[in-house]
Amino acid sequence: MFGLSRMVQIQKARSALRAGRLDEAWGILTEAELRDLRAGQELREAIVEPLLDRAEEHLASGRARDALADVERAQEAGGNRPRTAEVRERALGFLRNDRHDDMRERAALESVRRHLRDGDASAARQGLGKVPQG
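Residues numbered from 1 in each chain as written. Predicted model: local features only at pLDDT ≥ 70, side-chain atom pairs only at ≥ 80, totals over all residues. Heavy atoms only, no water.

1. As for the overall build of the chain
As a reminder, the rule being used: Secondary structure elements follow DSSP: runs of H or I no shorter than four residues count as helices, runs of E no shorter than two count as strands, and numbering proceeds from the N terminus. Only protein chains enter the accessibility calculation, which uses a 1.4 Å probe; a residue is then buried when its area is under 20% of its type maximum, exposed when over 50%, and partly exposed in between. The contact criterion used throughout is that any non-hydrogen atoms of two residues lie within 4.5 Å.
A tally of regular secondary structure across the chain gives eight helices and zero strands. Shown N-terminal to C-terminal, the secondary structure of the chain runs as helices and strands in the order α-α-α-α-α-α-α-α. Per-residue burial over the chain gives 34% buried out of 134 residues. Intrachain contacts of the chain at a sequence separation of at least 6 include 52% that bridge at least 24 residues.

Now the structure itself:
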């Protein structure tokens, strides 16, 4: 009976993976009792490329944190692969650039505030031109 429930879970994960429901499939495949089953291991291996494909889509849409989450799942499922490392580096690069942009924006806004506080509206106006848009 216990083996039957495991096989039902494997079938659910297989169906979810085929249908592109990666989060559902991943949720099932991370259950401890399925990790040791050969069918569970095969499905974990099969989910790697779809996760990396979705991570690429996240990156293309500017969602680096979501991409990184999928890359971490792919690594957990399939180990260190060249594509996994490459997508991870790109996602981390996006995050580093975002942090750098945020720091520049904060510095520019602080400069504008300082000029306004000092009563220098002209310098504040010029500083607003240096604040990144978006």
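2. So, helix 2 (residues 22–29)
Under the convention used in this document: What the arc measures is the spread of directions leading from the helix axis to the C-beta atoms.
Looking only at helix 2, the buried set comprises Leu22, Ala25, Trp26, Ile28 and Leu29. The buried residues of helix 2 occupy one face: seen down the axis, they fall within an arc of 160 degrees.

3. With respect to the environment of aspartate 53
Tracing the backbone through its elements, the reader meets aspartate 53 in helix 5 (residues 48–60). According to the relative accessible area criterion, aspartate 53 is partly exposed, its value standing at 37%. For the pair formed by aspartate 53 and valine 87, sequence separation is 34 residues and the distance between their alpha carbons is 9.5 Å.

4. Some words on helix 5
Residues lying three or four places apart along an α-helix face the same way, a consequence of the helix completing one turn every 3.6 residues. Inclusion rule: Take the number of residues in a helix, subtract one, and multiply by 1.5 Å to get its expected span.
In a regular helix each residue adds 1.5 Å, so 13 residues correspond to 18 Å; helix 5 covers 19 Å between its end C-alpha atoms and thus fits that length. Two residues or fewer past helix 5, glycine 62 is found with a positive phi of approximately 80 degrees.

5. Remarks on the pattern of salt bridges
Short version of the rule: The working definition used for a salt bridge is a side-chain nitrogen of Lys or Arg within 4 Å of a carboxyl oxygen of Asp or Glu.
Summed over all chains, the structure comprises 15 salt bridges. Of the charged contacts in the structure, one is a salt bridge between arginine 44 and glutamate 76, with a shortest N-O distance of 3.8 Å. Linking arginine 44 in helix 4 (residues 38–46) with glutamate 76 in helix 6 (residues 64–78), this pair joins segments that are 32 residues apart in sequence. Taking relative accessible area as the criterion, arginine 44 reaches 9% and is therefore assigned buried.

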